[in-house]
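Summary of structural features
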There are 4 protein chains.
Amino acid sequence: MQDIQSGPANVPLLIDRVGVKGLELPIVVSDRDKGAQHTVALVDLGVELPAAFKGTHMSRFIEALENWNEDLSYRSMKNLLRDIKARLSAQSAYASFAFTYFRRRISPASGAPSLLGYRCRLAGEMKNDKPDMILDITVPVMTVCPCSKAISKEGAHSQRAEVRMSIRMKGFAWIEEFIDIADASASSSVYPLLKREDEKFVTERAFASPLFVEDVVRNVATALKRHPHVQWFRAEVESFESIHAHNAFAIIESHAAD
Amino acid sequence: MQDIQSGPANVPLLIDRVGVKGLELPIVVSDRDKGAQHTVALVDLGVELPAAFKGTHMSRFIEALENWNEDLSYRSMKNLLRDIKARLSAQSAYASFAFTYFRRRISPASGAPSLLGYRCRLAGEMKNDKPDMILDITVPVMTVCPCSKAISKEGAHSQRAEVRMSIRMKGFAWIEEFIDIADASASSSVYPLLKREDEKFVTERAFASPLFVEDVVRNVATALKRHPHVQWFRAEVESFESIHAHNAFAIIESHAAD
Amino acid sequence: MQDIQSGPANVPLLIDRVGVKGLELPIVVSDRDKGAQHTVALVDLGVELPAAFKGTHMSRFIEALENWNEDLSYRSMKNLLRDIKARLSAQSAYASFAFTYFRRRISPASGAPSLLGYRCRLAGEMKNDKPDMILDITVPVMTVCPCSKAISKEGAHSQRAEVRMSIRMKGFAWIEEFIDIADASASSSVYPLLKREDEKFVTERAFASPLFVEDVVRNVATALKRHPHVQWFRAEVESFESIHAHNAFAIIESHAAD
Amino acid sequence: MQDIQSGPANVPLLIDRVGVKGLELPIVVSDRDKGAQHTVALVDLGVELPAAFKGTHMSRFIEALENWNEDLSYRSMKNLLRDIKARLSAQSAYASFAFTYFRRRISPASGAPSLLGYRCRLAGEMKNDKPDMILDITVPVMTVCPCSKAISKEGAHSQRAEVRMSIRMKGFAWIEEFIDIADASASSSVYPLLKREDEKFVTERAFASPLFVEDVVRNVATALKRHPHVQWFRAEVESFESIHAHNAFAIIESHAAD
């Protein structure tokens, strides 16, 4: 049968990235506490396509994914990228796995356990043989508004917020370390299971530490700057303001000079 | 050209509803304060298809919509449904318009104005010549937790919540009336623009009226039962709990016996 | 500490359903081929609340879920509903698990295997001791337009479509049986991995069987009516028309008289 | 009342961007054919915050937006950014308006008119007094697969696809010019209203021009390179493959050296 893809391009332009998007896949991820955990990933895969070729061979991405039977990690991501480069004779390969990472949380007063899911994404790009990887982690937290607290006779508006971190590493770190950074940066962490004594504890802890999105993003940035294995980061905090129907946000990106 | 659709069905089964989904359209909606307002709708249109016919004529839905140049209202919805029935020789026709309805809010202390968008949907079905219409309105509000307030030395967790009402009318009512019902049922209404004195006012008002989702949905249901033009309703309150990553919800539907 | 929830309601109205929404959880589901598979569920849990009580105890839902350590099945759903009823002293309990179910597909010509994910949901409600369960399954398929094929000199527009089935059972059936019904009802099934000979096979098979959404939904309804363990169903087909930016849809619901 | 925001930061770090997200607003946009059109925008606004200040004044963004009563354009965006900078005493300001732009399409054979909505976004950032603006436009189109066509006895799989362009301009251009570029780059454009003769025309035109996502993105890139007022662009094509449940994509970004 004719191999249309290998024919000459009508328009000889380099394509930065071409591939497949939105493949769903059960995966296993390393887990600091349990060794490994099962979850589900949404996967994108791509390569660079030289100007001379009409098309890439899309089915080879699926073959690479079917053939890749390792737990998701920095090392296995490197293996997958190498395999994609080889199968598609490409100069550069790209892969992204978006998944929910589960962590057992212990409620702060009664010690009741429950599982909380964190949206994560590990994306890698390999040019030559050197992979560049970015880890994204979203951590739901609670914020209490310092302004509302200072000016009101009673109370202060609080709300759920999200800390989103994108991190380029220069050494290994657990997802749990970044969850801890986000939790410690907000008015309080959140939990699936809170008994009455826990709800009291969380409320009082949060009201003892009222913080703007500006404060939270600065706390996160400070901790990420200090982390020995973080080479670059972008931190965003988005707060679902309870007194508005819109959100507040703040972003800090680390810079070369930092 | 061959009219495949009008041919006999391979399988002679009545189809309850067949049509088009996800058409976007700029529309004009009646506005209690300004007379009319411009917004954008996502439109679904359908008919019942008798067992004898292979297919419906999808392009006629678009023609009906293109030809329908009225402001969206109960009356114009009726006209559209009649036109679809006629164009498609159908026993029953269906139309749904999902749109954002904008209302000017005045902040409670400083009187500062700002526009707030409410997600709405008007859906109508016409069998014979009698239309059945359901209006959906979603109102963002604020809730303060009574339990958290009672047990904590200081503060109480608050959060954004949504009141969602589905209403079958037996007389005319403005969208504004249902927004007012939702606002009055919660710990506080929300506003796009709040100056510092407004934020103080909203915080203090909300903390003076702590309410569970159960309380809010009962307040909404009570007001809808009393409204002279509401024939049937379903009310749901969903609260984006600030101490959790999950939500709390409560639903009351009116019953024939009510 | 004060138990606010157990106090009297301000407004003594029965609440049809109150609970928690959007909990994420890793689960294990029975798998016809492998025995069991790991996936992730989005969970909603609720109960009916009598008019006399102010509020439900939200944390008990999470405790029930944490305590429930079975694979998801009709039997284990029944156990969970019974446990929720008991923990919350409720007359009726509700649970819904939305998850992706993975099935190995074999490409039709080369026999190449790959995993395809199907969006599913199992929802159960228990009043007294009798559970009512609904299974939802969404199956992506391909449709070729019979009208376009009949009137064009060459080709016909094809597109991805989704078959969505909601099923109330009166006996056990595998998810795989309903995937097979949807696949056999469309112009062709879809696959993650297709080699060139498979792509030729799928294209030719689809063009040999051009079908409107009306045809597909009637095929699905016919097969579901014949299935010995289906008591009630609602079937919807939505086709992402390639010649439009909007979709076509068709719905058949089984009726008591059927 | 206390102005907490103007107080000193606990952690003196520059915040790259802080502001509000997700405000909905009815707007008027310039329209090449009709002069102006009404639509609805989702608005994000932000500023840079120096290391010395604890917080920004979020309500001033809403005041700027309420006060800005111009049609959306490059010029009015500049005015809004200047106003935000002034109101918040900021070194840099950011604004983004995401909206649907409607254009009347004429079907290719029968000449029947219908409105098609295109998702657009205009984002501007002003440092000092120079604004940098990016326009995003998404155009739904149709693709026919050249490989499927070449190897199959009959037919070829086709599908809806999206062309997404992000453009930095060095002169004025209408949104319509970029819609035309996307349409001309694909196998066919799509239309809301197609009569039978139009469906024949579109099918035959698409099958006469089978194109991979790679071909389409190269066609788009070539046309954008030639456009006299395009300074930089990123073009992505994503095709909702009808033989798969996943998508194919291709991206070309213009480079400094181009």
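Everything discussed here concerns the structure shown above.
The next thing to look at is the packing of helix α1 (residues 58–67) of chain C against helix α2 (residues 74–87) of chain C. All names here are of chain C. At a minimum axis separation of 10 Å, α1 and α2 run at an interaxial angle of 145°. As for how α1 packs across α2, the hand of that crossing is right-handed. Contact with α1, carried on its side by Arg60, Phe61, Glu63, Ala64, Leu65 and Asn67, involves Leu80, Asp83, Ile84 and Arg87 of α2 and no other residues of that element. Residues that form the contact of α1 with α2 fall into these classes: five nonpolar, one polar and four charged.

With that settled, consider the packing of helix α4 (residues 175–185) of chain C against helix α6 (residues 213–226) of chain C. Residues and elements named next belong to chain C. The N-to-C vectors of α4 and α6 enclose an angle of 140°; their axes lie 8 Å apart at closest approach. At the point where α4 passes α6, the crossing takes the right-handed sense. Residue-level contacts link Phe178, Ile181, Ala182 and Ser185 of α4 to Val216, Asn219, Val220, Ala223 and Leu224 of α6. Looking at the contact of α4 with α6, its residues break down into seven nonpolar, two polar and no charged.

Turning our attention to the relation of the copies chain D and chain B. It takes a turn of 180° to lay chain D on chain B, together with a shift of 0.0 Å along the axis; the resulting RMSD is 0.0 Å. Put plainly, the chains are arranged around a two-fold axis. Same-surface contact between copies: 100% of interface residues of chain D are shared with the interface of chain B.

Of all hydrophobic cores here, the largest spans 325 residues; its most connected members are Phe97(A), Phe97(B), Phe178(B), Phe97(C) and Phe97(D). Each residue touching Phe97(C), except ones within four places of it in the same chain, is listed here: Ile27(C), Ala41(C), Leu42(C), Val43(C), Leu65(C), Trp68(C), Leu72(C), Met77(C), Leu80(C), Cys120(C), Arg121(C) and Leu122(C). Val40(B), Phe102(B), Val40(D) and Phe102(D) belong to the second largest nonpolar core, which has six residues in total.

In this complex, chain D contributes 29 residues to the contact, which on the side of chain B involves 29 residues. Between chain D and chain B, roughly 2,500 Å² of surface is buried when both sides are summed, and carbon and sulfur atoms account for 61% of that area. Counting across the interface, chain D meets chain B through six salt bridges. At the boundary of chain D and chain B, one finds 11 residue pairs in polar contact (both at pLDDT 80 or more).

Unusually for a residue other than glycine, Asn128(A) sits at a positive phi of about 50°. According to the relative accessible area criterion, Asn128(A) is exposed, its value standing at 58%.

All names here are of chain D. As enumerated under the stated definition, the model contains 10 aromatic pairs over all chains in all. Between Trp68 and Phe97, the ring centres sit 5.1 Å apart and the planes meet at 40°, which makes this aromatic pair tilted. Within this pair, whereas Trp68 is found in the loop between α1 (58–67) and α2 (74–87), its partner Phe97 is found in strand β3 (residues 92–106), the two being separated by 29 residues in sequence. By relative accessible area, Trp68 is classed as buried at 10%.

Our next topic: the relation of the copies chain B and chain C. Expressed as a screw transformation, the operator carrying chain B onto chain C has a rotation angle of 180° and an axial translation of 0.0 Å, and the superposed copies differ by an RMSD of 0.0 Å. Taken as a fraction of all interface residues of chain B, those also at the interface in chain C reach 98%, which identifies the copy contact as same-surface.

A separate point is the side chain of Arg218(A). On the secondary structure map, Arg218(A) appears in helix α6 (residues 213–226). Put simply, Arg218(A) is tucked away with no salt bridge, and the nearest opposite charge, on Asp215(A), sits 5.1 Å away. If we ignore the near neighbours within four places in the chain, the residues touching Arg218(A) are Ile252(A), Ala9(D), Val11(D), Leu13(D), Ile15(D), Leu49(D), Pro50(D), Ala51(D), Phe53(D) and Lys54(D).

The next point concerns the interface of chain B and chain C. With 55 residues of chain B at the interface, the matching set in chain C holds 54 residues. Summed over both sides, the interface of chain B with chain C buries roughly 4,100 Å², with 60% coming from carbon and sulfur. When residues of chain B are sorted by the area they lose upon contact with chain C, Lys21(B), Arg218(B) and Phe249(B) head the list and together hold 19% of the total. Linking chain B with chain C are six salt bridges. The tally of links between chain B and chain C comes to 28 residue pairs in polar contact (both at pLDDT 80 or more). Those elements that place two or more of their residues in the side of chain B that touches chain C are β1 (15–31), β2 (35–49), α3 (146–151), α6 (213–226), β8 (230–239) and β9 (247–253) of chain B. Examined bridge by bridge, β9(B) and strand β1 (residues 15–31) of chain C share five bridges and lie antiparallel to one another. What sits directly across from Asn247(B), in β1(C), is Lys21(C).

Thresholds, definitions, all that
Residues numbered from 1 in each chain as written. Chains lettered and ligands numbered in written order. Predicted model: local features only at pLDDT ≥ 70, side-chain atom pairs only at ≥ 80, totals over all residues. Heavy atoms only, no water. Axes fitted to C-alpha atoms, helices over the stretch in contact; angles between N-to-C directions. Helix = DSSP H or I, 4+ residues; strand = E, 2+ residues; numbered from the N terminus. Left-handed = near helix turned anticlockwise from the far one by under 90°. Contact = heavy atoms within 4.5 Å. Nonpolar A, V, L, I, M, F, W, Y, C, P; charged D, E, K, R; others polar. Least-squares fit on C-alpha atoms with pLDDT ≥ 70 in both. Core = buried A, V, L, I, M, F, W, Y, C linked by side-chain atoms within 4.5 Å. Buried < 20%, exposed > 50% of the residue type's maximum accessible area, 1.4 Å probe, protein only. Buried area = accessible area lost by both parts, 1.4 Å probe. Salt bridge = Lys/Arg side-chain N within 4 Å of Asp/Glu carboxyl O. Polar contact = N/O pair within 3.5 Å; in protein donor to acceptor, adjacent residues only side chain to side chain. Phe/Tyr/Trp six-rings, centres within 6.5 Å; stacked < 30°, edge-to-face > 60°. Lys, Arg positive; Asp, Glu negative; His and termini not counted. Pairing = 2+ DSSP bridges.

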